[in-house]
Amino acid sequence: MTGSVNASLSLEADRALLGRTSTAEKVAEILRTRIIEGAFQPGERLAEDKIVKALSISRNTLREAFRLLTHARLLTHEMNRGVFVRSLTADDVRDLYRVRRMLECAVVGAITTPPAGLAQVEAAVTEGERAEREGRWRELGTANMHFHQALTALAGSPRLDEMMQQIIAELRLAFHVMNDPKRFHAPYLGRNQHILADLREGDGSAAAEKLSDYLTVAENQLLTGFATRTPPTG
């Protein structure tokens, strides 16, 4: 009986820690979303004071969120300088696209009939078409990301969805190397439309072939961007 009482007391003492962890995960998700949307630039220092005030959270909670995002390779901590949005390398890009081919093409290639969940893919294409009409090129890039998330979601696997969310967040950091978002993002809208047409027909094989070429072209564009970028000064 004594053991049960002591265990209960120990769990009660852990309650506050559980609350902080839960909040930290929510804060990490907010910051991850902002990274995906392009609100934070690679190499940008994240000001603790501003984030703590904006989200009305404690410093401990924010630092735990920073730790989670550092583990997810989205942030870096520099001793005596603070926390920064991570800057990717060409090797990071190669690895991300290697994983994308293994993940996305496998999901799409397995489709043999019009899949359930296609509405999400259609919504992402519509989102991109609207952004194009309005000349919102960075938002078009976000719509393209939503398209790829929706493709992966066709597998119906929460684990794959989580993996893709991580990949998409890292990709946004790589996209900053492209100085002309219109030139980079606009051509992929047509590719999205063609892949969607194949999926409506249940032709996963054709869609996967188009997707593989799509990813190769995008990877090469990014690698060229990394090779020709001007190093930051100051």
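Thresholds, definitions, all that
Residues numbered from 1 in each chain as written. Predicted model: local features only at pLDDT ≥ 70, side-chain atom pairs only at ≥ 80, totals over all residues. Heavy atoms only, no water. Phe/Tyr/Trp six-rings, centres within 6.5 Å; stacked < 30°, edge-to-face > 60°. Helix = DSSP H or I, 4+ residues; strand = E, 2+ residues; numbered from the N terminus. Buried < 20%, exposed > 50% of the residue type's maximum accessible area, 1.4 Å probe, protein only. Expected span 1.5 Å × (residues − 1). Contact = heavy atoms within 4.5 Å. Axes fitted to C-alpha atoms, helices over the stretch in contact; angles between N-to-C directions. Parallel < 35°, antiparallel > 145°, perpendicular 65-115°, else oblique. Left-handed = near helix turned anticlockwise from the far one by under 90°. Nonpolar A, V, L, I, M, F, W, Y, C, P; charged D, E, K, R; others polar.

1. Observations concerning the packing of aromatic side chains
Turning to step 1, where the next piece is worked out: Applying the stated criterion to the full structure yields three aromatic pairs.
Turning to step 2, where the next piece is worked out: Note on Y188 and Y214: the rings are 4.8 Å apart at their centroids and 45° apart in plane angle, and the pair reads as tilted. Of the two residues, Y188 is situated in helix α8 (residues 181–200) and Y214 in helix α9 (residues 204–228); the sequence distance between them amounts to 26 residues.
Turning to step 3, where the next piece is worked out: Under the relative-accessibility criterion, Y214 is labelled buried at 4%.

2. Some points on α9
Note: α-helices contain 3.6 residues per turn, so residues at a spacing of three or four share the same orientation.
Turning to step 1, where the next piece is worked out: Helix length check: α9, at 25 residues, gives a terminal C-alpha distance of 36 Å against a target of 36 Å (1.5 Å per residue), a fit within 8%.
Turning to step 2, where the next piece is worked out: Taken as a whole, α9 has its buried residues at G204, A207, A208, L211, Y214, L215, A218, E219, L222, L223, G225 and F226.
Turning to step 3, where the next piece is worked out: Taken together, the buried residues of α9 touch α4 (90–109), α6 (137–153), α7 (158–175) and α8.

3. Examining the packing of helix α5 (residues 118–133) against α8
Turning to step 1, where the next piece is worked out: Look at α5 against α8: their axes get within 10 Å of each other, and the N-to-C directions meet at 155°. As the angle between them shows, α5 and α8 are arranged roughly antiparallel. Judged by the twist between their axes, the crossing of α5 over α8 is left-handed. Mapping the contact onto sequence places L118, V121, E122, V125, G128, E129 and E132 in α5 and L189, N192, Q193, L196, L199 and R200 in α8.
Turning to step 2, where the next piece is worked out: Tallied by class, the residues present in the contact of α5 with α8 amount to six nonpolar, three polar and four charged.

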